[in-house]
Amino acid sequence: MSQIIAVLDFGSQLTQVIARRIRECEVYSRIYHYSTPAAKLRADGVAGIILSGGPQSVYARKAPHPDPEIFRLGVPILGICYGVQLMGHFLGGKVAPGKAREYGHGVLTVKRPGALFAGLPRKLRVWNSHGDKLTQLPPGFQATGTTENSPYAVIEDRRRRFHGIQFHPEVFHTERGVDVIRNFLLGVCGVKADWTTRDFIAHAIEGIRAQVGKGRVLLGLSGGVDSSVAAALLHRAIGSQLTCVFVDNGLLRKGEREAVEKLYGDHFSIDLRVVDASRTFLRRLRGITDPEQKRKIIGRTFVEVFEKSLRSIGRADFLGQGTLYPDVIESVSIAGNPASLIKTHHNVGGLPERMKLRLLEPLRELFKDEVRRVGTALGLPKEVVWRQPFPGPGLGVRVMGEITPENLRVLREADAILQEEMYRSGYYYKVWQSFCVFLPVRTVGVFGDERTYDHVIALRIVESTDAMTADWAKLPHEVLQRISSRITNEVRGVGRVVYDVSSKPPATIEWE
Ligand code: XMP
């Protein structure tokens, strides 16, 4: 068993990011409630403690405080932001409310590198977010780094191996932040870097087995990265106690349902139930052209169909979900942001209570790139692990205007050609999303000697890192030409292909 680093959580949203950075250093950590007794940490054999940041002031009436005994455990401690304030407060220093909240970039000057800044530049851009600050060092401590606003930006008590940093090494905006954390883990705590994705999986499997016992788990499989990885992980842990449900809403891409059946049903031998609800979805969508109304109908119908199919499966104890850490944050902090809609479509909120199911979210602490690594290690193919995002309402929001079986057929055929060419040219994995949009207009063309009056397909191919902004992809003309001529030649009913050259903002990625 790897040694444990304890992260005491004082309520910062960044606590999980600290844990993530520790995983990046291939070290095992566990997040503990801030009040965890020192005896428990000793019993768990922790090799070091990190005190997270937190939104409070150490003097506030209900400020979260640790068990003071943690400072007598004899293990190294790293206090981050609020964590430094705690060190000041508990170890005999002074903390004063800052006049103004210090927020944003600063420049750190390292006076004495010590173990924490070994091998790092003497000047580093760092990111601050704090109100209070340390005004007097606790006995035994020395200041080893300063910023413009703080003479005590980095402090240390070498004898006790206590370190404090006023800024946030865990965030991306702090230069070499992860190296500071690594230095603490390997250099100060002396743990080994040997905690890999495989260990994460083994540990997660143990946890899932302990939680589920002999219970039964249901999981809604969408075919996307998150639910796929959750399915593979749960299946590895509990085998036949897992049942996956895949809803065919009639708005899937060509071959999607078959691919899911083949991978999960045949390859992984997962108990997979495919529910064909396409007729219900398409019936309810008949005559609807308004995008938001489409989404509402699709979302509502999904929840209804999903719940009904779960009931028909019989008794179950848990509902598995591929929730990731950013979803947890997003759903609380940026409601209304389109990216957060990605989850709300499959949002089965209320369902667990109605069906007396407990939630099981084995990926809840992970970030997307980590989930991809887990998926790869579990043997999921590249096409699944690196799949482009696909909206919950599927082709429903890519057929402009009314969704009819014929319009869907045209879009599906065209989209399949686009994807094929994206894979073939290698661009599929280089762009954020690539898809076709069906336009409900007809345009004049010629085919042989005949005049045609056919549909238009728009190609939407964008580059992005988080879907908040996006740029249209500058694909080579030959690739575009091939896609265009194949679509007009091979898809009956398409007379014209256009390329969308709008960026987001102002255009969104999807057309509806
Ligand atoms: P937009 O079009 O808003 O899209 O720039 C940003 C990202 O979100 C996806 N998207 C959706 N996902 N349900 C989803 O699950 C939706 O209703 C929805 N609308 C947009 C889109 O594909 C892109 O990745």
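Structure: see above.
For the structure given in this document, a descriptive report is provided here.

What counts, and at which threshold
- Residues numbered from 1 in each chain as written.
- Predicted model: local features only at pLDDT ≥ 70, side-chain atom pairs only at ≥ 80, totals over all residues.
- Heavy atoms only, no water.
- Helix = DSSP H or I, 4+ residues; strand = E, 2+ residues; numbered from the N terminus.
- Buried < 20%, exposed > 50% of the residue type's maximum accessible area, 1.4 Å probe, protein only.
- Lys, Arg positive; Asp, Glu negative; His and termini not counted.
- Charge placed at Lys NZ, Arg CZ, Asp CG, Glu CD.
- Expected span 1.5 Å × (residues − 1).
- Arc of directions from axis to C-beta.
- Axes fitted to C-alpha atoms, helices over the stretch in contact; angles between N-to-C directions.
- Parallel < 35°, antiparallel > 145°, perpendicular 65-115°, else oblique.
- Contact = heavy atoms within 4.5 Å.
- Nonpolar A, V, L, I, M, F, W, Y, C, P; charged D, E, K, R; others polar.
- Polar contact = N/O pair within 3.5 Å; in protein donor to acceptor, adjacent residues only side chain to side chain.
- Pairing = 2+ DSSP bridges.
- Phe/Tyr/Trp six-rings, centres within 6.5 Å; stacked < 30°, edge-to-face > 60°.
- Lys NZ or Arg CZ within 6 Å of the ring centre and 35° of its normal.
- Core = buried A, V, L, I, M, F, W, Y, C linked by side-chain atoms within 4.5 Å.
- Domains from an automatic or database assignment.
- 1 Å grid on protein atoms, 1.4 Å probe; cavity = no way out; pocket = protein on both sides within 12 Å on 5 of 7 lines; lining within 4 Å.
- Points joined across faces, edges and corners; volume = space filled by probe spheres on them.

### A look at the overall build of the chain
Thinking step 1. A count of helical and extended segments in the chain gives 16 helices and 20 strands.
Thinking step 2. Projecting the C-alpha coordinates of the chain onto the three principal axes gives extents of approximately 90 × 50 × 40 Å.
Thinking step 3. The burial tally for the chain puts 54% of its 512 residues in the buried class.
Thinking step 4. Seen as two clouds, the 70 positive and the 55 negative side-chain charges of the chain have centres 5 Å apart.

### Let's talk about helix H16 (residues 477-490)
Thinking step 1. Taking 1.5 Å of rise per residue, the 14 residues of H16 would be expected to cover 20 Å, and the 20 Å separating its terminal C-alpha atoms lies within 8% of that figure.
Thinking step 2. All buried positions along H16 are accounted for by Val479, Leu480, Ile483, Arg486 and Ile487. Buried residues of H16 fall within an arc of 140° about the axis and therefore sit on the same side. Seen from the open side of H16, the exposed residues pointing more than 90 degrees away from its buried face are His477, Glu478, Gln481 and Asn489.

### A look at the packing of helix H5 (residues 197-212) against helix H13 (residues 368-377)
Axis angle and axis distance: for two packed helices, these are the angle between their axes and the distance between the axes, and together they describe the pair.
Thinking step 1. Two numbers describe how H5 lies on H13: the axes approach to 10 Å, and their chain directions differ by 80°. Regarding the angle of H5 to H13, the classification is roughly perpendicular. Packed against H5, whose contacting residues are Thr197, Arg198, Phe200 and Ile201, the element H13 presents Arg373, Val374 and Ala377 at the interface.
Thinking step 2. Each residue belonging to the contact of H5 with H13 can be placed in one class, and the counts come to four nonpolar, one polar and two charged.

### Details of the side chain of Asp157
Thinking step 1. In this structure, Asp157 sits in strand S10 (residues 150-157).
Thinking step 2. Separated by 3.1 Å, the side chain of Asp157 and the backbone nitrogen of Arg159 make a polar contact.
Thinking step 3. Apart from the residues lying within four places of it in its own chain, the contact partners of Asp157 are Pro139, Gly140, Phe141 and Phe162.

### Brief notes about the pairing of strand S4 (residues 77-80)
Thinking step 1. By the alternation rule, side chains of S4 split into Ile77 and Gly79 and Leu78 and Ile80, which are all buried.
Thinking step 2. Two elements, strand S3 (residues 46-51) and S4, share three bridges in a ladder whose sense is parallel. Note on S4: the bridge partner recorded for Leu51 is Gly79.
Thinking step 3. Relative to strand S11 (residues 162-165), S4 runs parallel, the two sharing four bridges. Each residue of the ladder has a partner; that of Ile77, found in S11, is Phe162.

### Here's the deal with the sheet that holds strand S7 (residues 123-130)
Thinking step 1. Taken together, the nine strands give an open sheet; going across it, the order is S2-S1-S3-S4-S11-S10-S9-S6-S7, and neighbouring strands pair in mixed fashion. In this open sheet, the two strands that pair with only one neighbour each are strand S2 (28-33) and S7. Here the strands of the sheet are splayed against their neighbours by 30° on average, with no regard to which way each runs.

### Re the packing of aromatic side chains
Thinking step 1. Considering all chains together, one arrives at twelve aromatic pairs under this definition.
Thinking step 2. Following the ring pairs from residue to residue traces out a cluster consisting of Phe10, Tyr34 and Tyr82.
Thinking step 3. The side chain of Arg253 reaches across the aromatic face of Phe390, ending 3.6 Å from its centre.
Thinking step 4. Stacked on the ring of Trp472, the Lys or Arg Lys474 has its end atom at 4.3 Å from the ring centre.

### Looking at the nonpolar core
Thinking step 1. Ranked by size, the top nonpolar core spans 69 residues in total, and within it Leu41, Ile49, Leu51, Ile70, Tyr264 and Leu380 carry the most contacts.
Thinking step 2. Among the elements that make up this core, the one with the highest residue count is helix H6 (residues 225-238) (nine residues).
Thinking step 3. Here this core gathers at least three residues from each of two domains, domain 1 (4-189) and domain 2 (197-385).
Thinking step 4. Other than its neighbours up to four places away in sequence, Leu380 contacts Ser228, Val229, Ala232, Leu263, Tyr264, Phe268, Gly375 and Val385.

### What about empty space enclosed by the protein?
Thinking step 1. Scanning the entire structure with this criterion turns up one cavity of 30 Å³ or more.
Thinking step 2. In this structure, the largest cavity occupies an estimated 40 Å³ of space.
Thinking step 3. Around the largest cavity sit Arg253, Gln388, Pro389, Arg398, Gln419, Tyr428, Ser434 and Phe435, which together line it.
Thinking step 4. For the lining of the largest cavity, the class distribution of residues is three nonpolar, three polar and two charged.

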